[in-house]
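Architecture at a glance
Here is how the chains run, residue by residue.
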Amino acid sequence: ANPEKASLKDYFRLIGRPTVVRILAADLLTGLAPGIAGTLFFFFFIRVKAFTFLESSTLLLFYFLAAVFGGFIWTILAKRVGKARALIAACITYAVVQFAVVTLPAGNFWLAVPFLIAAGIPYSAGALLLRSMLADYGDEERLSSGKDRTGLLYAILTGTVKVGSALAVCSLFLLDGLGFDAKNAANSTALSMQGLEILYALAPGVVGLLAAACMIGYPLTEEKHAEILRQL
């Protein structure tokens, strides 16, 4: 590969690639969805679902343990059906669980556990599969240009993570505008409590479906990547 340094022109050229656009958009959305849910997690489970802080913290632990286990699931599924289809399945699973969490009875800890496990399993799919897909595109770029731009591609992807985190925090400003009081539940308006439910349960689910849509018709299939590697 050509070792010459990448220029700003190279940076924007890569961002404009249709395959890269799909990956970046999906990465932004798969980070934004759980980012919103994570930002509002304790408010939702303590204020809306009447769990204690200890119970909510334990549920969060189940969530992250499930995410670790989920990494194995999505790796196996990706090998069988392809990375894009595996990611679509993960995003749809996440969306369905988020939509369903509003039906969770208040204060029922053991019923909440499977919900959090089901929501946690898809969490690792985006970070795992999209970075692998970006590496695949790096091979395609190397074949077409003769230059290894893998490092630059990962640098671009790092930017989407930061943007997603920043956007997720905006949910707090929106709640504040609706009259939500983070310190005193009694001072929060009824509208803000409805907004909390919508932002925690529905917004991440919709974002998850948008992430799945980014992968529909993904062009760099496993078969095409195998041919690229053969030519390299």
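Below: a short report on this structure. The shown structure was predicted, so the numbers you read here are calculated from the model rather than taken from an experiment.

Attention now goes to the overall build of the protein. Check the secondary structure of the protein and you find nine helices and zero strands. Starting at the N terminus and ending at the C terminus, the protein contains elements arranged as α-α-α-α-α-α-α-α-α. With respect to the principal axes defined by its C-alpha atoms, the protein has extents near 65 × 35 × 25 Å. Looking at the protein as a whole, 42% of its 232 residues qualify as buried. Taking as baseline every contact in the protein between residues at least 6 positions apart, the subset at least 24 positions apart corresponds to 79%. Taken as a whole, the protein presents about 11,600 Å² of accessible surface, with 68% of it coming from carbon and sulfur. Of the side-chain charges in the protein, 19 are positive and 15 negative, and the distance between the mean point of each set is 3 Å.

With that out of the way, let us pick up the pattern of salt bridges. Using the criterion set out here, one finds seven salt bridges in the structure. With a shortest N-O distance of 3.4 Å, D139 and R142 are connected by a salt bridge. Residue D139 and its partner R142 are both found in helix α6 (residues 123–145); the two are separated by three residues, about one turn of the helix. Judged by its relative accessible area of 16%, D139 is buried.

Before going further, it helps to spend a moment on the environment of V20. Relative to the assigned elements, V20 resides in helix α2 (residues 18–48). Judged by its relative accessible area of 1%, V20 is buried. As for V20 and V102, which are separated by 82 residues in sequence, their C-alpha atoms are 35 Å apart. Discounting residues that sit within four places of it in the chain, V20 has contacts with L14, I15, Y137 and L153.

Here the focus is a nonpolar patch on the surface. Taken together, the side chains of I92, V96, F99, I198, L202, V206, L209 and L210 present a nonpolar region at the surface, about 650 Å² in accessible area. If you list the elements that add at least two residues to the nonpolar patch, you get α4 (83–100) and α8 (190–214). Broken down by element, the residue count for the nonpolar patch peaks at five residues, all from α8. Tracing the chain through its elements places F99 in helix α4.

Before going further, it helps to spend a moment on the nonpolar core. By size, the foremost hydrophobic cluster in this structure holds 63 residues, and its most contacted members are F45, L59, Y200 and M215. Sorting elements by how many residues they give to this core places α2 first, with 14 residues. In this structure, Y200 is in contact with A37, L40, F41, F44, F45, Q98 and V101, ignoring residues within four places of it in sequence.

Let us look at the packing of α4 against α8. Taken N-terminus to C-terminus, the directions of α4 and α8 make an angle of 165°; their axes are 8 Å apart at the nearest point. Considered as vectors, α4 and α8 are oriented roughly antiparallel to each other. Where α4 crosses over α8, the handedness of that crossing is left-handed. Here I88, C91, I92, Y94, A95, Q98 and F99 of α4 lie close against α8, whose contacting residues are Y200, A201, L202, P204, G205, V206, G208, L209, A211 and A212.

Attention now moves to the side chain of T30. Residue position: T30 is located in helix α2. A distance of 3.2 Å separates a polar atom in the side chain of T30 from the backbone oxygen of D27. The contacts of T30, once residues within four sequence positions are left out, are C91, G126, L130 and A211.

With 31 residues, α2 should cover 45 Å at 1.5 Å per step; its first-to-last C-alpha distance of 42 Å lies within 8% of that length. Of all bends in α2, the biggest is about 55°, found at L40. Directly after α2, the chain includes A50, whose backbone phi takes a positive value near 60°.

Further remarks concern the packing of helix α7 (residues 150–177) against α8. Their axes nearest at 9 Å, the elements α7 and α8 cross at an angle of 160°. With respect to α8, the element α7 is oriented roughly antiparallel. The hand of the α7/α8 crossing is right-handed. In this structure, α7 uses S171, L174 and L175 to contact α8, whose residues at the interface are S192, G195, L196 and L199. When the residues that make up the contact of α7 with α8 are grouped by side-chain class, the tally is four nonpolar, three polar and no charged.

Procedures and definitions
Residues numbered from 1 in each chain as written. Predicted model: local features only at pLDDT ≥ 70, side-chain atom pairs only at ≥ 80, totals over all residues. Heavy atoms only, no water. Helix = DSSP H or I, 4+ residues; strand = E, 2+ residues; numbered from the N terminus. Buried < 20%, exposed > 50% of the residue type's maximum accessible area, 1.4 Å probe, protein only. Contact = heavy atoms within 4.5 Å. Areas by Shrake-Rupley, 256 points an atom, 1.4 Å probe, with all protein chains shown as cover. Lys, Arg positive; Asp, Glu negative; His and termini not counted. Charge placed at Lys NZ, Arg CZ, Asp CG, Glu CD. Salt bridge = Lys/Arg side-chain N within 4 Å of Asp/Glu carboxyl O. Patch = residues over 30% accessible without salt bridge, like charges linked within 9 Å, V, L, I, M, F, W, Y side chains within 5 Å. Core = buried A, V, L, I, M, F, W, Y, C linked by side-chain atoms within 4.5 Å. Axes fitted to C-alpha atoms, helices over the stretch in contact; angles between N-to-C directions. Parallel < 35°, antiparallel > 145°, perpendicular 65-115°, else oblique. Left-handed = near helix turned anticlockwise from the far one by under 90°. Polar contact = N/O pair within 3.5 Å; in protein donor to acceptor, adjacent residues only side chain to side chain. Expected span 1.5 Å × (residues − 1). Bend = angle between axes of the 7 residues up to and from the residue. Nonpolar A, V, L, I, M, F, W, Y, C, P; charged D, E, K, R; others polar.

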